[in-house]
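This is what each chain is made of:
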Amino acid sequence: MRDVTTAQTTVDLDVQPTPLALLLLGREADPRSERGVECPGDLPSPSDPDLVERARAAKERLGDKVFVLGHHYQRDEVIQFADVTGDSFKLARDAAARPEAEYIVFCGVHFMAESADILTGDDQKVVLPDLAAGCSMADMATAEQVAECWDVLTEAGIAEQVVPVSYMNSSADIKAFTGKHGGTICTSSNAKRALDWAFEQGEKVLFLPDQHLGRNTAVRDMGMSLDDCVLYNPHKPNGGLTAEELRNAKMILWRGHCSVHGRFSIDSVNDVRERIPGVRVLVHPECKHEVVAAADEVGSTEYIIKALDAAPAGSKWAIGTELNLVRRLANAHPDKEIVFLDKTVCFCSTMNRIDLPHLVWTLESLAEGNLVNRIEVDRETEQFAKQALERMLALP
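This structure is a prediction, so every number in the text was calculated from the model and none was measured.

Student: In this structure, what is going on with the overall build of the chain? I would like to understand it.
Tutor: For the chain, the helix and strand inventory stands at 17 helices and 16 strands. The buried share of the chain, reckoned over its 396 residues, is 55%. Nonlocal contacts in the chain, meaning residues at least 24 apart in sequence, comprise 65% of its contacts between residues at least 6 apart. For the chain, the exposed surface amounts to about 17800 Å²; the carbon and sulfur share of it is 47%.

Following this line, the structure appears as structure tokens:
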């Protein structure tokens, strides 16, 4: 209880901060959350003019002991030190293919580092330069929420008909849930193949945690209708759905989304077409359904890169994905007009937590024999998560 005094009276308010509020304030920590709240220690100053040379020197000292992975959405100052670049799953597999590397430094976000730890050897150590580099989408589905959802499906009498399919952009806990319940993981490149497989196993799919990728794949690529999809909201009783709605649905979509791709709107598409006659709109399938429907082409990050590589000189493109990648593609193709789909600048804020000071601190610490910011998935979670990942790898 605390007193709130106004000019007229004193009112007693029984206000208790929620666990989420405490987490956001940095006063509590949730080890199962994608977000971290602890600072790693003293970092070099971002204005230090020697940062690039310090990173290079530390990496050279480590030699083959370190393998640096750089996600496509990373800033240029960081990605210049990556041994390989790619999307999250490609990078995790690249790490697994380098068993001689003692340290895997993942310049990405938390769930990506978890996947790398699951796929690499027991003697390899996966390091995330900033523990606060999480993923808002992955945060939108916790293990407790998904377990409660499964109880709802069980009470509706349909759990035995449901096959979970989880996007790679999910925590290790969610991947493990998927493995335990006979499901598979998917990427934005193979989502249709994963769903085709899932519907051979059961009558319905629970798609986690990105509603847009699930909806776009089902409707655009598989010919389902929007009425075949229902949206499960973990913040409402029974997900905000009736048992009849669940029984009638083919796709049960989790209410999650990417904070970057979710920004693009149909107005963005209409505006860029008006400003740039002849422009082709190319968007990621994490965008909203109406944006995907209005685009000329839709594809994963790797698809976007390859499409622009193959595009003819003089062609015009508006790209609906993370800004660091769009800028890098524009610089790589000066013979083409490549613009960001939205007028508003939008980086992935959590991905951008991996900056040069954090990378320098990480590499120098490892070079001095100090293991920092290790990402380690517990054995049971790893076992079931790996099952789900292996089902994806076995997809035709």
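Student: Teacher, can you tell me more about the packing of helix α4 (residues 88–96) against helix α5 (residues 110–119) here?
Tutor: Angle between the axes and distance between the axes are the two parameters that describe a pair of packed helices. It is at 8 Å that the axes of α4 and α5 come closest, and there the two elements cross at 35 degrees. Along this stretch, α4 crosses α5, giving a crossing that reads as right-handed. Mapping the contact onto sequence places Ser88, Phe89, Ala92, Arg93 and Ala96 in α4 and Phe111, Met112, Ser115, Ala116 and Leu119 in α5. Looking at the contact of α4 with α5 residue by residue, the classes come out as seven nonpolar, two polar and one charged.

Student: Looking at this model, I keep getting lost on empty space enclosed by the protein. Mind explaining?
Tutor: The probe, sized like a water molecule, is rolled over the atoms to show the empty space still left. In total, this model carries two cavities of 30 Å³ or more according to the counting rule given. Size it by volume and the largest cavity reaches roughly 340 Å³. Along the walls of the largest cavity sit 29 residues, with His71, Tyr73, Met112, Asn169 and Glu286 positioned nearest its centre. Secondary-structure elements contributing two or more residues to the lining of the largest cavity are α4, α5 and α6 (136–139). For the lining of the largest cavity, the residue count by class is 13 nonpolar, 13 polar and three charged.

Here is what the cut-offs are and how they apply
Residues numbered from 1 in each chain as written. Predicted model: local features only at pLDDT ≥ 70, side-chain atom pairs only at ≥ 80, totals over all residues. Heavy atoms only, no water. Helix = DSSP H or I, 4+ residues; strand = E, 2+ residues; numbered from the N terminus. Buried < 20%, exposed > 50% of the residue type's maximum accessible area, 1.4 Å probe, protein only. Contact = heavy atoms within 4.5 Å. Areas by Shrake-Rupley, 256 points an atom, 1.4 Å probe, with all protein chains shown as cover. Axes fitted to C-alpha atoms, helices over the stretch in contact; angles between N-to-C directions. Left-handed = near helix turned anticlockwise from the far one by under 90°. Nonpolar A, V, L, I, M, F, W, Y, C, P; charged D, E, K, R; others polar. 1 Å grid on protein atoms, 1.4 Å probe; cavity = no way out; pocket = protein on both sides within 12 Å on 5 of 7 lines; lining within 4 Å. Points joined across faces, edges and corners; volume = space filled by probe spheres on them.

Note that every value here comes from positions in space, so none of it alone points to a role or purpose.
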